[in-house]
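Residue-level listing of the chains:
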Amino acid sequence: MRHQRRVGELITICSGIAMAVGGVFVNVPPVAYSGLCIMGLGVISVFWR
């Protein structure tokens, strides 16, 4: 179970980074900011327990 949680956190962080970079690339700031928020949730999840 712990391994699955770590994989989920990694996927959340990577998808947030990809979304932020994509939002900056297409010049849509709300998408970039939401990507940063998703990445932040993944980072907080790493340190939660």
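A brief report on the enclosed structure follows.

1. Some points on unusual backbone geometry
Although it is not a glycine, N27 sits at a positive phi angle of roughly 60°. Here N27 lies in the loop between α1 (2–25) and α2 (29–48).

2. Examining the pattern of salt bridges
Applying the stated rule across the entire model yields 2 salt bridges. As a salt-bridge pair, E9 and R5 come within 3.2 Å of each other at their nearest N and O atoms. Residue E9 and its partner R5 are located together in helix α1, separated by 4 residues, close to a single helical turn. Judged by its relative accessible area of 5%, E9 is buried. On the basis of relative accessibility, which here comes to 28%, the residue R5 falls in the partly exposed class. Linking E9 and R6 is a salt bridge whose minimum nitrogen-to-oxygen distance equals 2.9 Å. With E9 and R6 both in helix α1 and 3 residues apart, the pair spans about one turn of that helix. With a relative accessible area of 32%, R6 lands in the partly exposed category. Within this structure, R5, R6 and E9 form a network of salt bridges that share partners.

Calculation criteria
Residues numbered from 1 in each chain as written. Predicted model: local features only at pLDDT ≥ 70, side-chain atom pairs only at ≥ 80, totals over all residues. Heavy atoms only, no water. Helix = DSSP H or I, 4+ residues; strand = E, 2+ residues; numbered from the N terminus. Salt bridge = Lys/Arg side-chain N within 4 Å of Asp/Glu carboxyl O. Buried < 20%, exposed > 50% of the residue type's maximum accessible area, 1.4 Å probe, protein only.

Any link to function would need more than the numbers given here.
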